[in-house]
Each structure stands twice: as structure tokens, then as C-alpha cells.
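Reading the structure
Residues per chain are reported as follows:
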Amino acid sequence: MNKGTLKRSDDLDQLLKSLHLKRILEIYDEQLCAAEKEDVSYSEFLTRLLRAQWHHRQETALAWRIQQAKLPERWSLASFPFARQPGVNRKQIHTFAELEFIAKAENIVLVGSTGVGKTGLASGLLLKALENGYRCQFIPAQDLFDEMYASLADRSTRKLLNRLARLDVLLIDELGYLNLKPEQSNIFFKLMEERYHRHSTIITTNLDYDEWRNFLGNQAMVDALLSRLRHFCHTVRINGPSLRDPQG
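Presented here is an overview of the structure given in this document. (Residues numbered from 1 in each chain as written. Predicted model: local features only at pLDDT ≥ 70, side-chain atom pairs only at ≥ 80, totals over all residues. Heavy atoms only, no water.)

Quick notes on the packing of aromatic side chains
Across all of its chains, the model carries seven aromatic pairs by this definition. Look at Phe145 and Phe188: their rings are 5.2 Å apart centre to centre, the planes differ by 50 degrees, and that puts the pair in the tilted class. Of this pair, Phe145 sits in helix 7 (residues 141–153) while Phe188 is found in helix 9 (residues 182–195), placing the two residues 43 residues apart along the sequence. One aromatic cluster is present, formed by Tyr209, Trp212 and Phe215 through successive ring pairs. (Phe/Tyr/Trp six-rings, centres within 6.5 Å; stacked < 30°, edge-to-face > 60°. Helix = DSSP H or I, 4+ residues; strand = E, 2+ residues; numbered from the N terminus.)

A closer look at helix 7
For helix 7, spanning 13 residues, the distance from its first C-alpha to its last is 19 Å, which sits close to the expected 18 Å at 1.5 Å a residue. By the burial criterion, the buried members of helix 7 are Ala141, Leu144, Phe145, Met148 and Ser151. Buried residues in helix 7, looked at end-on, bunch into an arc of 115 degrees, giving them a common side. Close packing links the buried residues of helix 7 with strand 2 (136–140), helix 8 (157–165), strand 3 (169–175), helix 9 and helix 10 (213–216). Once helix 7 finishes, Arg155 follows within two positions and takes phi at roughly 55 degrees, a positive value. (Expected span 1.5 Å × (residues − 1). Buried < 20%, exposed > 50% of the residue type's maximum accessible area, 1.4 Å probe, protein only. Arc of directions from axis to C-beta. Contact = heavy atoms within 4.5 Å.)

Some words on the packing of helix 7 against helix 9
At a minimum axis distance of 9 Å, the contact between helix 7 and helix 9 shows a crossing angle of 105 degrees. Overall, the two elements helix 7 and helix 9 adopt an arrangement that is roughly perpendicular. Seen from helix 7, the contacting residues are Leu144, Phe145, Asp146, Met148, Tyr149, Ser151 and Leu152; seen from helix 9, they are Glu183, Gln184, Ile187, Phe188 and Leu191. A breakdown of the residues in the contact of helix 7 with helix 9 according to their chemical character gives eight nonpolar, two polar and two charged. (Axes fitted to C-alpha atoms, helices over the stretch in contact; angles between N-to-C directions. Parallel < 35°, antiparallel > 145°, perpendicular 65-115°, else oblique. Nonpolar A, V, L, I, M, F, W, Y, C, P; charged D, E, K, R; others polar.)

Points about the pattern of salt bridges
If you walk through the whole model with that rule in mind, you get 12 salt bridges. Residue Glu147 pairs with Arg163 through a salt bridge whose shortest N-O separation is 3.1 Å. One end of the pair, Glu147, is in helix 7; the other, Arg163, is in helix 8, and 16 residues separate them in sequence. On the basis of relative accessibility, which here comes to 30%, the residue Arg163 falls in the partly exposed class. The shortest N-O distance in the salt bridge between Lys190 and Glu194 comes to 3.8 Å. Of this pair, Lys190 and Glu194 both sit in helix 9, four residues apart, roughly one helical turn. The partly exposed category is assigned to Lys190, whose relative accessible area is 33%. Among the charged side chains, a network of salt bridges with common partners joins Arg158, Lys190, Glu193, Glu194 and Arg228. (Salt bridge = Lys/Arg side-chain N within 4 Å of Asp/Glu carboxyl O.)

Some points on the packing of helix 9 against helix 11 (residues 219–231)
The contact between helix 9 and helix 11 brings their axes to 10 Å, and the two run at 25 degrees. On the basis of the axis angle, helix 9 is roughly parallel to helix 11. Here helix 9 and helix 11 pass one another in a crossing that is left-handed. Contacts between helix 9 and helix 11 involve Ser185, Asn186, Phe188, Phe189, Met192 and Glu193 from the first element and Met221, Ala224, Leu225, Arg228 and Leu229 from the second. Grouping the amino acids of the contact of helix 9 with helix 11 by side-chain chemistry returns seven nonpolar, two polar and two charged. (Left-handed = near helix turned anticlockwise from the far one by under 90°.)

Things to note about the nonpolar core
Counting residues in each nonpolar core, the largest one holds 33 residues, and the members touching the most others are Phe188, Trp212 and Leu216. Every element with two or more residues in this core is listed here: strand 1 (107–112), helix 7, helix 8, strand 3, helix 9, helix 10 and helix 11. Setting aside chain neighbours within four positions, we find Phe188 in contact with Leu144, Phe145, Met148, Ile172, Leu175, Leu216 and Leu225. Counting 32 residues, the second largest nonpolar core, distinct from the first, contains Ala69, Leu125, Leu127 and Cys136. (Core = buried A, V, L, I, M, F, W, Y, C linked by side-chain atoms within 4.5 Å.)

Focus on the sheet that holds strand 2
Pairing within the open sheet is parallel, and its five strands lie in the order 2-3-4-1-5. Two strands close off the open sheet at either side, each with one partner strand: strand 2 and strand 5 (233–238). Each strand axis lies, on average, 10 degrees off the axis of its neighbour in the sheet, ignoring direction. Looking at chain direction, strand 2 and strand 3 are connected through five bridges and run parallel. Note on strand 3: the bridge partner recorded for Pro140 is Asp173. (Pairing = 2+ DSSP bridges.)

Written out as C-alpha cells, the structure is:
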């Protein structure tokens, strides 16, 4: 490049703003200076600018997806304390992180007592899915059933089911002993029926399957629900210490 040949002009600034190329506008002078020092070609200079803009858009899109997914914390599998939790098979979790279970519309159910890391692992898998462009949502089980009950009052149940059923991955956290009305159980069954072998659901729970009848009621419905949920499913039982115990 010839020194000074591509200095920014007011016209260029306006064009970059109009085209929403904010990142290029921010780094243009810095990249121009570096390109002149390194004597790179015009093509390489343009490539550097466009690559930076592309990365910026990817990061912005990911931040938006994470916000929409309502992840309470940005837990990642890289930060999970596998060394402190012998009840978790690290290899199995990293296999899940390859996200083949999403492509196959398989479910993952993490079963274990409070504090063993179920939510952290599930959230780490959800973050991995978000990073790969999937539509996802994290929702505590109590909030889910509250939304289902509220939808009966304003007749928005169908709208709620449509929104949740089309998600690539739905993470239902802390499914356990809840005081449910039959209507809530029925809507939950309908949701799982509509997601069956279409999209993946991740559930964390402190209850094994034979205890689900105690809070969902209606044994025939629960049997039908579990038949669908477990048909294409990976059940991970975590028998290990609580990660919330004081250390040292």
C-alpha cells in the first residue's frame, strides 16, 4: 500500500455508518496504520477490515441469543470443576458438547441431588448450542408451570406452546416436587408431545423417573410422557458430592 492513500474521509465515515459497519469504523485508522507499516496489499487490508466486522457481528448475535435464552449465568463446560465431581463422566459430557444430540433431536436428563452440578452442566451445554447458532431457552421448572397456569387465564396456552415447542433446545431446570394442578400437568404433557423427536429437551431434576408420578399425577399420562421423553434420551445420574460444600 502507498502511505496515506486510504485515509478516512467524511464520505467514507458516512457510508460506513449507513451500512452499519460500526466495527470497521472503529478500527479503520488503527488497521490502516498497521497495513502501511507492514506494506500489505489492498486486498489484505480489506480482508482484515471485513473479518473484524464479521467477528463483531457474530459476537453481537451470540450476546443477543444468550439474552433471549435467559441463561442466569454464563456457565461454560470449560469452567466446570470436573476434578471435584467424580460422579460426572467428563468424556460423556464432552461428547454431548459436540451437539450431535441436537441434530438427532435427543433429550438429556440430568438426575442428582442438590448441588452436584446438574444446572452447571446443562447450562454449559446450552451455551455451546447458543454458540453454534441454535435457538435455546433456559427456564426454571417453577417458572414454566407458572407460565402454563397463567396462560389458561388469558387463553394464550397455544401461543406459549408454539413458542416453546419450536426451540432447538429447551432447558427445564430443577424439575422436582411442585404443587401442580391437573391443567398444568396436561399442558406439560402436550409440550413434551409436540417436542418429541423434533427438538431436544434438557431436564435437570432431583427425582428419578419412578418418582415423577408423585408431582405430575395421572399415572397413565406420566407413563405416556416418560415413554416419549426416554425414547430418544441420555439419562445421566450424578452420584457425587455437593459442589456447594465449603472447601478447605
